[in-house]
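Fold and geometry: a report
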Amino acid sequence: MELKTHTPVTSSTLRPEAFHGVEVIGQSILAIVNGMELAQSRALRILGENGISPLKADAWYPMPALLKSFQLVFEKIGPSTVRTIGRKIPDSAHFPTDIDTLEKGLRALDMAYRMNHRGKGGIGGYRYEPVDKRNARMVCDNPYPCDLDLGLIEAIGDRFRPKDSLWVRIEHDPKSCRRRGDGSCTYTINW
């Protein structure tokens, strides 16, 4: 099964059923369980309600089931939990190993995304756009919640913050948001 290199997801394809035939590796889904440390049994129950049971790291699961699980986590528990799950993704999912700078980490997000998904069709992705020496943008046009992507980008910023920077600041650009039905979210990143 082949994923298209980078076909943007549009607002009409953000629905879980639009990803029939796409699968996600269990290793990546473990981020939900790890991100809900105090409620792991609840996380497993939500995944199970959507057909992801038993959860095995080396098994593949339907992406629509995972997207429905994220909808439930967002609705029942809230956006901060989804953001925490995003922060756990680099610890759980397959990720390129030769990353040693912030720019490489941000550029690797799209590759890591494709390492953890398989199937036919466009699934969007992560597009890194450098602005200058200390500023960049990340355009996320995948079907996952924007809070998940914010947490994921924050985790990369924490892990690969340049030694000469006190912080890596990430802000959601208000001009577009998948939560309101737009096809992508853009994050400004400065350090």
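1. So, the overall build of the protein chain
The secondary structure content of the protein chain amounts to six helices and seven strands. In terms of overall size, the protein chain behaves like a compact globule, its C-alpha atoms giving a radius of gyration of 16 Å where 191 residues would be expected to give roughly 16 Å. Projecting the C-alpha coordinates of the protein chain onto the three principal axes gives extents of approximately 45 × 35 × 30 Å. The burial tally for the protein chain puts 51% of its 191 residues in the buried class.

2. Here we look at the pattern of salt bridges
A full pass over the atoms with the stated rule returns 15 salt bridges. Between arginine 118 and glutamate 23 there is a salt bridge; the shortest N-O distance is 2.6 Å. One end of the pair, arginine 118, is in strand S3 (residues 117-119); the other, glutamate 23, is in strand S1 (residues 22-25), and 95 residues separate them in sequence. Exposure remark for arginine 118: the relative accessible area of 32% places this residue in the partly exposed category. The partner of arginine 134 in a salt bridge is aspartate 164, and the shortest N-O contact between them spans 2.7 Å. In this pair, arginine 134 sits in the loop between strand S4 (126-132) and strand S5 (135-140) while aspartate 164 sits in the loop between helix H6 (146-159) and strand S6 (169-172), placing the two residues 30 residues apart along the sequence. Residue classification places arginine 134 among the partly exposed positions, given a relative accessible area of 27%. Classification of aspartate 164 as exposed rests on a relative accessible area of 58%. Among the ionic contacts, a cluster of salt bridges with common partners joins Arg83, Arg87, Glu154 and Asp158.

3. Structural notes on the environment of leucine 109
Summarising the element assignment, leucine 109 is placed in helix H5 (residues 102-115). Spatially, the C-alpha atoms of leucine 109 and methionine 138 are 9.7 Å apart, while their sequence positions differ by 29 residues. When sequence neighbours within four positions are dropped, the list of residues in contact with leucine 109 reads Phe95, Tyr126, Met138, Leu152, Ile153 and Ile156.

4. Considerations on H6
With 14 residues, H6 extends 20 Å from end C-alpha to end C-alpha; this agrees with the ideal 20 Å at 1.5 Å per step. Of all 14 residues that make up H6, 12 are buried, and the element is covered over most of its length. For H6, every residue scored as buried is listed here: Cys146, Asp147, Leu148, Asp149, Leu150, Gly151, Leu152, Ile153, Glu154, Ala155, Ile156 and Gly157.

5. Side note on the sheet that holds strand S2 (residues 60-62)
Hydrogen bonds between backbone groups are what pair the strands of a sheet, and the pairing can be parallel or antiparallel. Taking strand neighbours across the sheet as the criterion, the three strands line up as S2-S1-S3 in an open arrangement whose pairing is antiparallel. Taken across any chain shown, the strands that pair with only one partner, and hence form the sheet edges, are S2 and S3. Going from strand to strand, the sheet's axes swing by 35 degrees on average, the running direction of each strand aside. One ladder, built from three bridges, connects S1 with S3; its direction is antiparallel. Residue pairing across strands places glutamate 23 opposite arginine 118, the latter belonging to S3.

Cut-off values and rules
For every chain, the first residue of the written sequence is number 1, and numbering continues from 1 along that sequence. Given that the model is predicted, a residue must reach a pLDDT of at least 70 before its local features are reported, and side-chain atom pairs must reach 80 or more before they are shown or counted; all residues, however, enter totals for whole chains, interfaces and linings. Processing note: side-chain calculations cover all non-hydrogen atoms of the structure and skip hydrogens and water entirely. We count a stretch as a helix when DSSP gives it H or I for four or more residues in a row; a strand needs E for two or more, and each element gets its number in order from the N terminus. Note that the radius of gyration is over C-alpha atoms, with the globule rule given as 2.2 Å times the number of residues to the power 0.38. Each residue gets one of three labels from its accessible area relative to the maximum for its type: buried under 20%, exposed over 50%, partly exposed in between, using a 1.4 Å probe on protein chains only. Every case where a carboxyl oxygen of Asp or Glu lies within 4 Å of a side-chain nitrogen of Lys or Arg is listed as a salt bridge. Residue contacts are defined here by distance: any two heavy atoms, one from each residue, within 4.5 Å place the two residues in contact. How far a helix is expected to stretch is found by multiplying one less than its residue total by 1.5 Å. Two strands make a pair as long as DSSP finds a minimum of two bridges between them. Axis geometry follows a simple rule: fit a line to the C-alpha atoms, using only the stretch in contact for helices, then measure angles between N-to-C directions, giving values from 0 to 180 degrees.

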